[in-house]
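Architecture at a glance
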Amino acid sequence: MNKSLLHTPEGVRDVYGEEYARKLFVEKKLHDTIHLYGYQDIQTPTFEFFDVYSKEIGTTPSSQLYKFFDKEGNTLALRPDFTPSCARCAAKYFMDETAPLRFTYSGSTFTNTSNLQGKLKEVTQMGAELMLEPSVEADAEMISLVVEALKNCGLTDLQITVGEVEYFKGICAQAGLNEEVELKLRDFISAKNYFGAQELLEEQRVRKDYAQVLLGLADLVKGTQDLESAKMQVDNERSLQAIERLEALYEVLKKYGTEKYVSFDLGLLNQYNYYTGVIFKGYTYGVGDAIVTGGRYDKLLSYFGKNAPAIGFVVVVDDVLEALSRQNKKPHTGLDGCLLFYTPDSYDAALKKANQLRLSGVSAELLPVSCKQDCRRADLRGRLRREAMLIHADGSCEQLKS
Ligand SMILES: N[C@@H](Cc1c[nH]c[nH+]1)C(=O)O
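Here the structure is a predicted model, which is why all the values come from computation and not from measurement. (Residues numbered from 1 in each chain as written. Predicted model: local features only at pLDDT ≥ 70, side-chain atom pairs only at ≥ 80, totals over all residues. Heavy atoms only, no water.)

Focus on helix H4 (residues 165-174)
- Of all ten residues making up H4, eight are buried, and the element is well covered by its neighbours.
- The N-capping residue of H4, defined by a side-chain oxygen 2.9 Å from the backbone nitrogen of Glu-166, is Glu-164.
- Directly after H4, the chain includes Gly-176, whose backbone phi takes a positive value near 75°. (Buried < 20%, exposed > 50% of the residue type's maximum accessible area, 1.4 Å probe, protein only. Helix = DSSP H or I, 4+ residues; strand = E, 2+ residues; numbered from the N terminus. Polar contact = N/O pair within 3.5 Å; in protein donor to acceptor, adjacent residues only side chain to side chain.)

Notes on the sheet that holds strand E9 (residues 278-283)
- Judged by pairing direction, the sheet is mixed, and its eight strands sit side by side in the order E1-E5-E6-E11-E10-E9-E7-E8 without closing on themselves. Only two strands of the sheet have a single neighbouring strand rather than two, namely strand E1 (40-41) and strand E8 (262-264).
- Against the sheet, helix H3 (residues 136-152) makes contact with strand E5 (101-110), strand E6 (122-131), strand E7 (159-164), E8, E9, strand E10 (292-296) and strand E11 (310-316), and its axis sits at roughly 15° relative to E11, the strand it touches most.
- Along the sheet face, helix H11 (residues 317-326) touches E6 and E11 and points at about 50° away from the line of E11. (Pairing = 2+ DSSP bridges. Contact = heavy atoms within 4.5 Å. Axes fitted to C-alpha atoms, helices over the stretch in contact; angles between N-to-C directions.)

Brief notes about the sheet that holds strand E2 (residues 47-49)
- What the three strands build is an open sheet, ordered E2-E4-E3; its pairing is antiparallel. Each edge of the open sheet carries a strand with a single partner, namely E2 and strand E3 (67-69). Ignoring which end each strand starts from, the neighbouring axes of this sheet average 35° apart.
- Both E2 and strand E4 (residues 75-78) contribute to a ladder of three bridges, which runs antiparallel. Bridge assignment links Glu-48 to a residue of E4, and that residue is Ala-77.

A look at the site of the ligand
- Around the ligand lies a shell of 13 residues, among which Asp-81, Thr-83, Glu-129, Tyr-275 and Thr-293 are the nearest.
- Between Glu-129 and the ligand, the recorded distance is 2.9 Å, taken from a side-chain N or O atom to a nitrogen atom.
- Expressed as a share of its isolated accessible area of 300 Å², the protein-covered part of the ligand is 96%.
- At the level of secondary structure, the elements contributing two or more residues to the shell around the ligand comprise E10 and E11.
- Each residue belonging to the shell around the ligand can be placed in one class, and the counts come to six nonpolar, five polar and two charged. (Near = heavy atom within 4 Å. Areas by Shrake-Rupley, 256 points an atom, 1.4 Å probe, with all protein chains shown as cover. Nonpolar A, V, L, I, M, F, W, Y, C, P; charged D, E, K, R; others polar.)

Things to note about the environment of Lys-55
- Mapped onto the elements, Lys-55 comes out in the loop between E2 and E3.
- Separated by 269 residues in sequence, Lys-55 and Leu-324 have C-alpha atoms that sit 35 Å apart.

What about the pattern of salt bridges?
- Applying the stated rule across the entire model yields 20 salt bridges.
- Close ionic contact of Lys-28 with Asp-32 constitutes a salt bridge, the shortest N to O distance being 2.8 Å. Of this pair, Lys-28 and Asp-32 both sit in helix H1 (residues 17-36), four residues apart, which is roughly one turn of that helix.
- Of the charged contacts in the structure, one is a salt bridge between Arg-88 and Glu-48, with a shortest N-O distance of 2.6 Å. With Arg-88 in helix H2 (residues 82-93) and Glu-48 in strand E2, this residue pair connects regions lying 40 residues apart in the sequence.
- Here the residues in one salt-bridge network are Asp-139, Arg-245, Arg-296 and Asp-298, joined through shared partners. (Salt bridge = Lys/Arg side-chain N within 4 Å of Asp/Glu carboxyl O.)

What to know about the pairing of E5
- Counting buried residues in E5 gives eight out of ten residues, a clear majority hidden from the surface.
- Sheet topology note: the E1/E5 ladder contains two bridges and is parallel. What sits directly across from Asp-41, in E5, is Thr-104.
- Of the strand pairs in this sheet, E5 and E6 are connected by ten bridges, and their pairing is antiparallel. Across the sheet, Ser-108 pairs through a bridge with Thr-124, a residue of E6.

Remarks on the nonpolar core
- In this structure, Val-162, Tyr-167, Leu-185, Phe-280 and Phe-313 are the most contacted members of the largest nonpolar core, which totals 99 residues.
- Per element, the largest residue contribution to this core is ten residues, and it comes from H3.
- In terms of nonpolar packing, the next biggest core, distinct from the first, is built from ten residues, Cys-338, Leu-340, Tyr-342 and Leu-357 among them. (Core = buried A, V, L, I, M, F, W, Y, C linked by side-chain atoms within 4.5 Å.)

A few points about the UniProt feature "binding site: L-histidine" (unreviewed entry) in the chain
- Mapped onto the present numbering, the UniProt feature "binding site: L-histidine" (unreviewed entry) falls at Asp-81, Phe-82, Thr-83, Gln-125, Glu-129, Tyr-274 and Tyr-275.
- Here Asp-81 is to be found in the loop between E4 and H2.
- Look past the residues within four positions of Asp-81 in its chain and what remains in contact with it is Tyr-53, Thr-59, Thr-60, Thr-109, Tyr-272 and Tyr-274.
- In this structure the side chain of Asp-81 is engaged in a polar contact, spanning 2.9 Å, whose partner is the backbone nitrogen of Thr-83.
- Take Thr-83: it is sitting in helix H2. (UniProt positions renumbered as here; feature names shortened; annotations may be inferred.)

Structure below.
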């Protein structure tokens, strides 16, 4: 046998046994919370026409997409991001709808990053999108839902960093930067590469006072009191309105009681270009990257023919699990059911017992006693905690030790 057949490619992995039980548990907790806010499940395809994720849409760069062709010669791409698919789906089935739409979804996303980055190329995401709702109340609902969902999974140390892309865009417009330069600058600022940003601004001969505000973005605000000082730095309407939106958002978050998890950062920018307003990222300790990302995208649906505002988020389920494990908060998933061992003459009694257990909602696996050792070993390997019983012909059960 070719041993290399047992390996998976870089960036994808198997999940089994107790780890998978924990993953399902976390998914259920997230899903239950999202449902409590009235979000309806939707399922979009794992691959779409390439155009759904093209440059104009503003999602993952084309170089990081898994692209392939169908027999008709269409270019297809594996989903790197749920949001464009949801936007397409909403435009297709709810074109004439004017009332708010709430969707939730979960599944894999795929990004073809370099192996050197050591990142998973297939991750499990669960997310929610609130469409046709332009209000600040919608922004607050999304952020508060993120907090509640993560708390429900067992995470307590949470930090939701909130920014507003219009603050940055307002200054860029005032400074006369074209879109290409704006995107470059955004990437430098996101990567906290201030030398790169400075060089770019000098090269573009940006007025000193604008350059100073752009370079100081990350340090500008941490708390709400500082929002006032961020206002003083700018005199363009777009940036001022962005701050006013954050102030209003903070007031609604207080009504939810989630404001203590929130801090503001006007240097928070996202590589996705479809964001048009409030954006946010959620952090906890144990994982370097954000475990949640989201924001407002009021123009994306118009690419699919429907003019409608929207906001949403995704939780990276794999990262939530990693955080829980690093924080020693592995969810307790309870017993995974029973192994019922039978001898050649106790099969009938064992089947009866198994049926009784199943009727009461307990999982029961029937096994010949001859494989007792092997089965226990397999359970141990997957770190499953299952009770084991030997069933005798008279129906009596003998508890087996692991
Ligand atoms: N799809 C975005 C998150 C998001 C959902 N809705 C709005 N934004 C991401 O993958 O980062």
